[in-house]
Amino acid sequence: MPRAVISGTGAYVPTRVLTNKELESVIDTTADWILSRTGISERRIALPDEATSDLSYFAAKQALENAKLLSTDIDAIIVATVTPDMLFPSTACIIQAKLGAKNAVAFDLSAACTGFVYGLQLAVQAIESGSWRHVLVVGAETLSRIVDWQDRNTCVLFGDGAGAAVVSADGKGPRILGVHLGADGTEGHVLTLPAGGSRLPASLETVNGRRHFVRMNGQEVYKFAVRIVDEACSQLLDKLGLNYEDVDFYIPHQANLRIIEGFAKRLKVPLAKIAVNLDRYGNMSGASIPVALHEFSERQPRAGDKVMLVGFGGGLTWGSCLLEWQVD
Ligand code: COA
């Protein structure tokens, strides 16, 4: 059976930096409040002519280069996003055209902040079954387009960006040892974007009611996140017959530094063993994990390092994935 490896990663964030200080002149907040309650100092905002597929394209191109593959080698493109360029065609098809990846099937996946980990699971299963050899998994968002810039509870939290990974059958790169996914639709109401779909199509009423923006019950999402990060990791470790002591580094979804610090404290793991990029980028939803994974890969991990990716978010959804770096 072919074994799935991550043969290349890439990341791209827009050039425009929006600092906490600048937000003080947009809404009733302070730079200190944002930093102390979330750990976020600044975030990136897509330029007016940049859409999700544009950010994805740069991340995907870099992942292909690092994997030493041509776009025509790719069998499938999966884009995890809640901010597609449009409802259809899929952002994956738009990227397929931009890359000239003419041999790839292409589709989007909606699992919010867990989307990239969901995409990895699909890639692994297709590779292990022999259906595909190279799958491009992208996590990309332009959340600045769907946050309500009049709602201080949400607009300070999010940012734009894209990350990508090529998952290949065998070859060089970290091996994917396992993936564990979960969902609980009964709690989906705590994080939604109510209008613009078939339930509440766009109308003057939905626009005037500001219903095309993210709505979140922050405290409920926070409680869910704190519980599920541990569960998602420990269930995967159980499945693989491993323990927390076997994990060398964690790449969690970047929602709030306090969630990450709580996790570090419970596990008695130093913060240095946990990826943190939300200070620079905020919460980029589906892009947070692949961007942090790319940054981690650039630091040239040691052979044998085991790295846990763990995501959680809207749906509600969650997922974990364990990687092991290989000897070259
Ligand atoms: N600036 C200043 N004050 C703000 C503010 C802002 N940007 N946003 C909220 N506040 C206020 C609230 O209005 C509230 O005021 P009140 O007590 O007068 O009503 C006060 O700060 C405390 O709000 P609270 O919701 O208790 O803050 P918190 O410590 O729970 O932090 C979040 C709020 C959103 C940062 C936190 O709940 C969180 O991170 N939740 C998870 C969000 C998340 O991860 N979402 C994505 C999931 S993938």
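Residues numbered from 1 in each chain as written. Predicted model: local features only at pLDDT ≥ 70, side-chain atom pairs only at ≥ 80, totals over all residues. Heavy atoms only, no water.

## Side note on the site of the ligand
Of all residues adjacent to the ligand, which total 21 residues, the nearest are Thr29, Arg37, Arg152, Gln219 and Asn256. Measuring from a nitrogen atom of the ligand, one finds a backbone N or O atom of Arg152 at 3.0 Å. Taking Arg258, its side chain carries an N or O atom lying 3.0 Å from an oxygen atom of the ligand. Compared with its free state, where it exposes 970 Å², the ligand has 75% of that area covered by protein. Contributing elements (two or more residues each) for the shell around the ligand: helix H2 (31-38), helix H6 (152-155), helix H8 (218-240) and strand S12 (306-313). No other element matches the four residues that H8 contributes to the shell around the ligand. Looking at the shell around the ligand residue by residue, the classes come out as eight nonpolar, nine polar and four charged. Of the domains in this structure, domain 1 (4-171) and domain 2 (177-324) are the two that each give at least three residues to the shell around the ligand. (Near = heavy atom within 4 Å. Polar contact = N/O pair within 3.5 Å; in protein donor to acceptor, adjacent residues only side chain to side chain. Areas by Shrake-Rupley, 256 points an atom, 1.4 Å probe, with all protein chains shown as cover. Helix = DSSP H or I, 4+ residues; strand = E, 2+ residues; numbered from the N terminus. Nonpolar A, V, L, I, M, F, W, Y, C, P; charged D, E, K, R; others polar. Domains from an automatic or database assignment.)

## Side note on the side chain of Ser144
Structurally, Ser144 can be placed in the loop between strand S6 (134-142) and H6. A distance of 2.6 Å separates polar atoms of two side chains, one belonging to Ser144 and the other to Asp160. With near-sequence residues (within four places) excluded, Ser144 lies in contact with Ile45, Ala46, Trp149 and Asp160. (Contact = heavy atoms within 4.5 Å.)

## Observations regarding the environment of Phe213
For Phe213, the position within the fold is in the loop between helix H7 (204-208) and strand S10 (215-216). For Phe213 and Thr192, which are 21 residues apart along the polypeptide, the C-alpha to C-alpha distance reads 8.3 Å.

## Comments concerning the nonpolar core
If you look at the biggest cluster of nonpolar residues, it comprises 42 residues, and the most contacted ones within it are Val156, Tyr250, Phe263, Ile274, Met308, Phe312 and Leu322. For this core, the element with the most residues is H8, which contributes nine residues. Among the domains, domain 1 (4-171) and domain 2 (177-324) are the pair contributing at least three residues each to this core. Ignoring anything within four residues of it in the chain, the contact list for Ile274 reads Phe249, Tyr250, Pro252, Ile260, Phe263, Ala264 and Val269. With 33 residues, the next largest nonpolar core counts Ala4, Ile78, Val124 and Ile176 among its residues. (Core = buried A, V, L, I, M, F, W, Y, C linked by side-chain atoms within 4.5 Å. Buried < 20%, exposed > 50% of the residue type's maximum accessible area, 1.4 Å probe, protein only.)

## Focus: the state of the cysteines
Structurally, a disulfide amounts to a covalent bond that connects the sulfur atoms of two cysteines. The final tally for this structure, using the stated rule, is zero disulfides. No disulfide involves Cys233; its sulfur sits 11 Å from that of Cys321, the nearest cysteine. Using a relative accessible area of 0% as the deciding quantity, one classes Cys233 as buried. (Disulfide = S-S within 2.5 Å.)

## Section: helix H4 (residues 91-99)
Here H4 has its buried residues at Thr91, Ala92, Ile94, Ile95 and Leu99. Down the axis of H4, the buried set is contained in an arc of 160°. They therefore lie on one face. In the core, the buried residues of H4 are packed alongside helix H3 (52-67), strand S4 (76-80), strand S5 (105-109) and S6. At the exit of H4 stands Gly100, carrying a positive phi of roughly 70°. (Arc of directions from axis to C-beta.)

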